[in-house]
Each structure stands twice: as structure tokens, then as C-alpha cells.
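What follows is each chain in one-letter form.
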Amino acid sequence: MKNELYQQHLKAAEASGGTSAGPIYELVRRLCLKHRVQGSLLDFGAGTGNLLKLLLSSDLPIEATGADILGRNASLPPEIRWVEGDLNQPLPVSGGLYDVVVSSEVIEHLENPRASFRDLNRVLKPGGLLILTTPNQESFRSIMALILTGHFMAFMDPSYPAHITALLRKDFVRICQETGFEPPAFAYSDHGGLPKAGHIAWQSVSFGLLKGRWFSDNLALVTRKTQI
């Protein structure tokens, strides 16, 4: 049964391609620069490693490690460490190891967000920073999809079995409170598709004026592990 479940998780990870969109990576990079990220950094759900390569190219003073159920991409530079394992299970690393954890479009793939947050708390140092992105369920496009179809935009049948867990900002506030993190702040990708025409961005028809929660397909939360 365990092996079957692992294969199911692996299949879901392979379906996602191990990558995210450029605006999402840029959101993470922007937040890393804003918070002056440095030290040991873990990319939880690193996929093919594209985000780590972007962060390293941004001259951030980091020691980078990727973790994923997918194996290490041969194109990654040797200075990037790699941890292979099912992200639905505790990572096979020591506690208190990382100054920063980033996680781009991963939590919606996992079965138990609270268990995942507890393990991220475990591997972070006290006061360590967590930057996490996920589909924004509270955008105009996603809410319209929920009203018309009964499902959030990023959780329609074509996104299954990759996307299985939809979370709202209120869920993240509660999860952080319950798993040893400070109250989170939220930021947005400022890039989102029109309802029924996702290939056309709000920003392209509004000269970039439509931004924030209503017009972004993805959000980020930023929080820290409590010092106690």
C-alpha cells in the first residue's frame, strides 16, 4: 500500500512538470530580495530546480538545497544540494537546519497542509523565514469559476490529481497559528487571467493597473517560525 501511495504521489508530481510560471518565480524572488534572504535556504518542492537557479542568479547570499519527490535534475549546478523524498512525509533531514524555506506551488499538491507546515517548522531555525505560494482562490476569476462550476479555477478536472488541496487566506492564518508560525502577511503575483480567457491577462488589457487579490492567479504568504 505504501509503495502504491508513493507511486500515486510521484505520478501527480510528474503531471505538474516540476515547474511553475514565470510570474510566480518572480514573486518569490521579489520577496526574497525584500526580506534580504541569506544563509541556508531550502526549496521545498523544488521540481526541476528552476526557482533555485533564479535565486542563485539574483546574487542572494544563500546555500541552496532542493527537496522533491522527483530526482535531482542533471542540469543543476553542483553547489545545490538535493533531498529526494515524498513531500507528504517528514523530510529526511535534521531539525533546525535552515534559515529560509521557500515553496512555490506545492502545498496544493499535498494531502495534509498542517502536517506539512509542522515539518517546515521543524526544519527551520527559530525565527526562520517561510515564503510559500499557491493558487489564489479569492481572485475574481477563481470565484466566478466556483459560482459557475462548484470548483475553484485551479482545481478543475484538468488539474487533478496534481492539485488536491485548495486553501484560502483564512486557512493559512489558522494553520500558522496552529503550527508554530507568526501571523502571515500576503502578497500577490499581479498576474492573472480573464474568466473564460485565461490566456489573456487582466494586466495586458488594463495597462498593468489591475493588480492584487482580485486580479492575481497566485498569492504568497510570508511568515516566520516563532522564537519560542
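1. Regarding the sheet that holds strand β1 (residues 39-44)
Taken together, 7 strands build an open sheet; the order of strands is β3-β2-β1-β4-β5-β9-β6 and the sheet is mixed. Of all strands in the sheet, those bounded by a partner on one side alone are β3 (81-84) and β6 (185-188). Strand-to-strand twist in this sheet, taken as the mean axis angle between neighbours without regard to direction, amounts to 20°. Pairing analysis gives 6 bridges linking β1 to strand β2 (residues 62-68), with the strands arranged parallel. Counterpart to Leu-42 in the pairing with β2 is Thr-65. Each of β5 (124-135), β6 and β9 (218-224) touches helix α6 (residues 169-178); the most contacted strand, β6, lies at about 145° to it.

2. Let's talk about the pairing of β1
Along a regular strand, successive side chains alternate from one face of the sheet to the other. For β1, the tally of buried residues reaches 5 of 6 residues, placing the bulk of the element in the interior. One crossover worth recording links β1 to the parallel β2 by way of helix α3 (residues 50-57), and it is right-handed. When β1 meets strand β4 (residues 98-104), the two strands line up parallel, connected through 3 bridges. Across the sheet, residue Asp-43 finds its bridge partner in β4, namely Val-102.

3. With respect to the packing of aromatic side chains
Inspection of every chain in the model, using the stated rule, returns 4 aromatic pairs. An aromatic cluster of at least three residues, connected via ring pairs, comprises Phe-117, Phe-172 and Phe-181. Lying across the ring of Trp-214, Arg-213 places its NZ or CZ 4.7 Å from the centre.

4. Regarding the packing of helix α2 (residues 22-34) against α3
To describe two helices that pack against each other, one gives the angle between their axes and the distance between the axes. Two numbers describe how α2 lies on α3: the axes approach to 10 Å, and their chain directions differ by 40°. In this view, α2 runs oblique relative to α3, as classed from their interaxial angle. When you trace α2 past α3, the crossing you get is right-handed. Of α3, the residues touching α2 (which contributes Tyr-25, Val-28, Arg-29 and Cys-32) are Asn-50, Leu-51, Leu-54 and Leu-55. Taken together, the residues of the contact of α2 with α3 break down into 6 nonpolar, 1 polar and 1 charged.

5. Focus: unusual backbone geometry
Here the residue pair Tyr-160 and Pro-161 is connected by a cis peptide bond, since its omega of 10° sits within 30 degrees of zero. Secondary-structure assignment places Pro-161 in the loop between α5 (140-149) and α6. With a phi angle near 55°, Glu-105 is a residue other than glycine that sits in the positive phi range. For Glu-105, a relative accessible area of 11% translates into the label buried. Even without glycine at this site, Lys-196 takes up a positive phi of about 65°. Tracing the backbone shows Lys-196 in the loop between β7 (193-194) and β8 (197-201).

6. Let's talk about the layout of surface pockets
In this structure, the largest pocket spans a volume of roughly 920 Å³. Around the largest pocket, the lining is made up of 49 residues, and of these Ser-16, Glu-105, Glu-108, His-109 and His-163 lie nearest the centre. For the lining of the largest pocket, the elements supplying multiple residues, two or more each, are α1 (2-16), α2 and α5. When residues of the lining of the largest pocket are assigned to their parent elements, the largest contribution, 6 residues, is made by α1. Looking at side-chain class alone, the lining of the largest pocket contains 20 nonpolar, 20 polar and 9 charged residues.

The rules behind the values
Residues numbered from 1 in each chain as written. Predicted model: local features only at pLDDT ≥ 70, side-chain atom pairs only at ≥ 80, totals over all residues. Heavy atoms only, no water. Pairing = 2+ DSSP bridges. Helix = DSSP H or I, 4+ residues; strand = E, 2+ residues; numbered from the N terminus. Axes fitted to C-alpha atoms, helices over the stretch in contact; angles between N-to-C directions. Contact = heavy atoms within 4.5 Å. Buried < 20%, exposed > 50% of the residue type's maximum accessible area, 1.4 Å probe, protein only. Right-handed = clockwise from strand over helix to strand, strands pointing away. Phe/Tyr/Trp six-rings, centres within 6.5 Å; stacked < 30°, edge-to-face > 60°. Lys NZ or Arg CZ within 6 Å of the ring centre and 35° of its normal. Parallel < 35°, antiparallel > 145°, perpendicular 65-115°, else oblique. Left-handed = near helix turned anticlockwise from the far one by under 90°. Nonpolar A, V, L, I, M, F, W, Y, C, P; charged D, E, K, R; others polar. 1 Å grid on protein atoms, 1.4 Å probe; cavity = no way out; pocket = protein on both sides within 12 Å on 5 of 7 lines; lining within 4 Å. Points joined across faces, edges and corners; volume = space filled by probe spheres on them.

Purely geometric numbers; function is a separate question.
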